[in-house]
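This is what each chain is made of:
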Amino acid sequence: MVKPNESQSILLESLRDFVIEVMLSMNVWEDYDLDPLKYIQLGLLRKNATMKHGVTKWPKGVTIDDASIHNIATIEIHPELLAQEWSAYAAFVLHHEFVHALGYKSHDSLFRKKERSWPGKGVIDMAPKFTEYLARKSANWMWVCTGCNMKIPKKNKNNGRDKCRKCLTTLVDVKV
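Predicted model, so just to flag it, every value in this text is computed and none were measured.

Could you clarify how one ought to interpret the environment of E85 in this entry?
The topology assignment puts E85 in the loop between β3 (74-77) and α2 (87-101). As a C-alpha pair, E85 and N140 span 55 residues in sequence and 24 Å in three-dimensional space.

Can you walk me through unusual backbone geometry in this structure?
Outside of glycine, negative phi angles account for most residues, and trans bonds account for most peptide bonds. Although it is not a glycine, N149 sits at a positive phi angle of roughly 65°. Although it is not a glycine, L168 adopts a positive phi angle of roughly 65°. Its location among the elements puts L168 in the loop between β5 (151-154) and β6 (171-175).

Teacher, can you tell me more about the packing of aromatic side chains here?
The geometry of two aromatic rings is summed up by the distance between their centres and the angle between their planes. The tally for this structure, following the rule as stated, stands at eight aromatic pairs. Each ring, one from W86 and one from Y133, has its centre 5.5 Å from the other, and the planes form 45°; the classification is tilted. Of the two residues, W86 is situated in the loop between β3 and α2 and Y133 in helix α4 (residues 126-138); the sequence distance between them amounts to 47 residues. Under the relative-accessibility criterion, Y133 is labelled partly exposed at 26%. Residues Y89 and F92 carry aromatic rings whose centres are separated by 6.3 Å and whose planes lie at 25° to one another, so their mutual orientation is stacked. Here Y89 and its partner F92 are both found in helix α2, three residues apart, which amounts to about one turn of the helix. Among the aromatic residues, ring-to-ring pairing joins W86, Y89, F92, F130 and Y133 into one connected group. Its end group placed over the ring of W29, K114 keeps NZ or CZ at 5.3 Å from the ring centre. Over the ring of W141 we find K175, and its NZ or CZ is 5.0 Å from the ring centre.

Scoring rules and cut-offs
- Going along each chain's sequence as written, the residues are numbered from 1 onward.
- Only residues with pLDDT of at least 70 are given local features in this predicted model, and only at 80 or more are side-chain atom pairs given and counted; all residues enter the totals for whole chains, interfaces and linings.
- Calculated side-chain values reflect all of the structure's heavy atoms, with hydrogen atoms and water omitted.
- Only DSSP runs of H or I reaching four residues or more are called helices, and only runs of E reaching two or more are called strands; each is numbered from the N terminus.
- Each aromatic pair joins two rings of Phe, Tyr and Trp (for Trp, the six-membered one) with centres within 6.5 Å, and gets the label stacked for planes under 30 degrees apart, edge-to-face for over 60, and tilted for any other angle.
- Only protein chains enter the accessibility calculation, which uses a 1.4 Å probe; a residue is then buried when its area is under 20% of its type maximum, exposed when over 50%, and partly exposed in between.
- Look at NZ for Lys and CZ for Arg. If either is within 6 Å of the ring centre and within 35 degrees of the ring normal, a charge sits over the ring.

Here it is as structure tokens:
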């Protein structure tokens, strides 16, 4: 976990308060005690993480069967989610992690039902955009298809090994 600086801590606490307030107004959570969510330590993922947007962590040695809201080590979210442009998606990601904290450990149909109860319609569609944003931000190379002009941000060179999924043209490396 990356320890948030003072301004990030303020943003995380504000985000937590907002998400809990929204959850308290949702019918799906009316029979749940949400108070323990206020005491879970919030942290940040490393800024070079590109695939994870948030994670719920339990202490070492705690199995998924033993895990409960009272022994969560941290919930971490990507630091880029603290930017204003991603605030709606950040709330959804924290809600997703809170669903895990409330006992829904696997991404099964019951978990997805609870997760999708979040009132921000269309916010789940921001996930691929956020992933692409992170990939472009950390890319050293752009794999370019000369056939259909598709561009794929990557950290490493392709060296002509891969082909475009759309038109099967060999991808060309372009330094970012």
